[in-house]
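Fold and geometry: a report
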Amino acid sequence: MTSEQRRGEGATVADNTPGTAVAVLGTGIMGAAMARNLARAGFRVQVWNRTRAKAQPLAADGISVADTPAEAVHGADVVLTMLYDGHAALQAMGQAAPALRPGAVWAQCSTAGLEAQPVLAAFAAEHGLRYVDAPVLGTRQPAENGQLLVLAAGPEDTRAVLAPVFDAVGSRTAWVGDDGAAGAATRLKLVCNSWVLTITHGTAEALALAQALEVDPHAFLDAVAGGPLDMGYLRTKSAAILAGDYSPSFAVATAEKDARLIVEAGRQAGVALDVTAAGAERFRRAAAQGHGDDDMAATYFASFAG
């Protein structure tokens, strides 16, 4: 597809706006929101998604929608990957390789796990890219509001380049290391996600038990209200379950993938993570019941047969 054709689809602003060019590979829940916030901040944004139809609505925001990863990264100063896992990120970057600009910064924001980090960093070195391990904390609403927490590890000389990029998508950036290959940011992300998933399962199980014991779930929530057992995430996930609203903020299938990455990281470090392993199985059961694309609060259904 030519640039003239893309202009006809609404990408004129992105094609003509001066400033840093950012390529976003992966426009799911998180990637699409990040791309929009980058465009609003004045960056020239070029995106690619495996299923183009999911990326096409971004053209209305002045964002260039590319047919291939190579087209998306052409001329980009920063490449941001927000894909399912490390394999998907490496595959997309491999397709982008012919058009990658040596010296560009690659901010790898997917939750890729520890084993993937040296492989991704080696690809970056081979193609003259500056690699930054940069997973993010947050789900749909924080992403849409530009309120993500960016966890980052990479060379010191990338920080000035990435500061305005990360400021556009997040409320705060925590730099935790200067070597992306070592995975310091990913390690922190896995620890944080282990807690998020534990709270989600705990909430779902408490409400499932309340139903089974014929306890009003609101009585449970009232009992813990305002005390040390209360928390915002309990309220958020409880509200979703009680309303039967499983609109995806963080999908069951992705949560299962993350849980298994956490368990594997623990295994390699000699730590047994029994709760997270059991949680991964709950997500698997929920997905088998048809909830793979629903919000991870749908772990609730794993408590029931069928």
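Whatever comes next refers back to the structure up there.
Here we summarise the structure given alongside this text. (Residues numbered from 1 in each chain as written. Predicted model: local features only at pLDDT ≥ 70, side-chain atom pairs only at ≥ 80, totals over all residues. Heavy atoms only, no water.)

A closer look at the environment of A182
Definition in use: In this text, helices come from DSSP runs of H or I with a minimum length of four residues, and strands from runs of E with a minimum of two, each type numbered from the N-terminal end. Only protein chains enter the calculation, and the probe is 1.4 Å; a residue is then buried if its accessible area is under 20% of its type maximum, exposed if over 50%, and partly exposed in between.
With respect to the helices and strands, A182 occurs in the loop between β9 (170–177) and α9 (184–212). With relative accessibility at 38%, the residue A182 sits in the partly exposed group. Distance in space between the C-alpha atoms of A182 and A153 is 8.4 Å, their sequence separation being 29 residues.

Structural notes on the pattern of salt bridges
Note on pairing: side chains with opposite charge can pair once their charged atoms come close. The condition that has to hold: Only one rule defines a salt bridge in this text: a Lys or Arg side-chain nitrogen within 4 Å of an Asp or Glu carboxyl oxygen.
Throughout the structure, instances matching the rule amount to 13 salt bridges. Taking the shortest distance from any N to any O, the salt bridge between E144 and R140 comes out at 3.8 Å. With a gap of 4 residues between them, E144 and R140 both fall in helix α7 (residues 140–144), about one helical turn apart. Judged by relative accessible area, R140 falls into the partly exposed class, the value being 31%.

With respect to the packing of helix α5 (residues 86–96) against helix α6 (residues 116–126)
To be explicit about the condition: Between N-to-C directions, angles span 0 to 180 degrees; the directions come from axes that are lines fitted to C-alpha atoms, helices contributing only their stretch in contact. By definition in this entry, angles of less than 35 degrees are roughly parallel, angles greater than 145 are roughly antiparallel, angles of 65 to 115 are roughly perpendicular, and the rest are oblique. The criterion used for residue contact is that any of the two residues' heavy atoms lie within 4.5 Å. Gly is put with the polar residues, along with every residue not named as nonpolar or charged; the nonpolar set is Ala, Val, Leu, Ile, Met, Phe, Trp, Tyr, Cys and Pro, and the charged set is Asp, Glu, Lys and Arg.
Between α5 and α6, the shortest axis-to-axis distance is 10 Å and the interhelical angle comes to 10°. Relative to α6, α5 is oriented roughly parallel. Residues G86, L90, M93 and G94 of α5 lie in contact with α6, whose contacting residues are A116, V119, L120 and F123. Of the residues in the contact of α5 with α6, the class split is 6 nonpolar, 2 polar and no charged.

A look at a nonpolar patch on the surface
Stated formally: Candidate patch residues must exceed 30% relative accessible area and have no salt bridge, after which like charges are joined if within 9 Å and Val, Leu, Ile, Met, Phe, Trp or Tyr side chains if within 5 Å. Accessible surface area values rest on a Shrake-Rupley calculation with a 1.4 Å probe, where residue burial reflects the displayed protein chains alone.
Together, V176, L188 and V191 make up an exposed nonpolar region whose accessible area comes to about 220 Å². Mapped onto the elements of the fold, V176 is located in strand β9.

Description of the nonpolar core
What counts is decided by this rule: In this description, a nonpolar core means a group of buried Ala, Val, Leu, Ile, Met, Phe, Trp, Tyr and Cys residues linked to one another through side-chain atoms lying within 4.5 Å.
Core analysis: the largest hydrophobic core is formed by 35 residues, its most contacted members being V24, M34, L38, V45, V47 and F166. If you list the elements that add at least two residues to this core, you get β1 (21–25), α2 (29–40), β2 (44–48), β4 (78–81), β5 (105–108), β8 (148–153) and α8 (159–169). With 7 residues, the top contributor of residues to this core is α2. With near-sequence residues (within four places) excluded, M34 lies in contact with L80, M82, C109, V136, L148 and V169. Counting residues in each nonpolar core, the second largest holds 28 residues, with A92, W106, A124 and L129 among its members.

Overview of the layout of surface pockets
Heads up, the condition is: Space inside and on the surface of the protein is sampled on a 1 Å grid over the protein atoms alone, with a cavity defined as a set of points where a 1.4 Å probe fits but cannot get out and a pocket as an open set with protein on both sides within 12 Å along at least 5 of 7 lines; lining residues have an atom within 4 Å of a point. Grid points are joined across faces, edges and corners, and a volume is the space filled by probe spheres set on the points.
In this structure, the second largest pocket occupies an estimated 320 Å³ of space. Within the residue set of the lining of the second largest pocket, elements represented by two or more residues are α7 and α11 (232–243). The element best represented in the lining of the second largest pocket is α11, accounting for 5 residues.

Any link to function would need more than the numbers given here.
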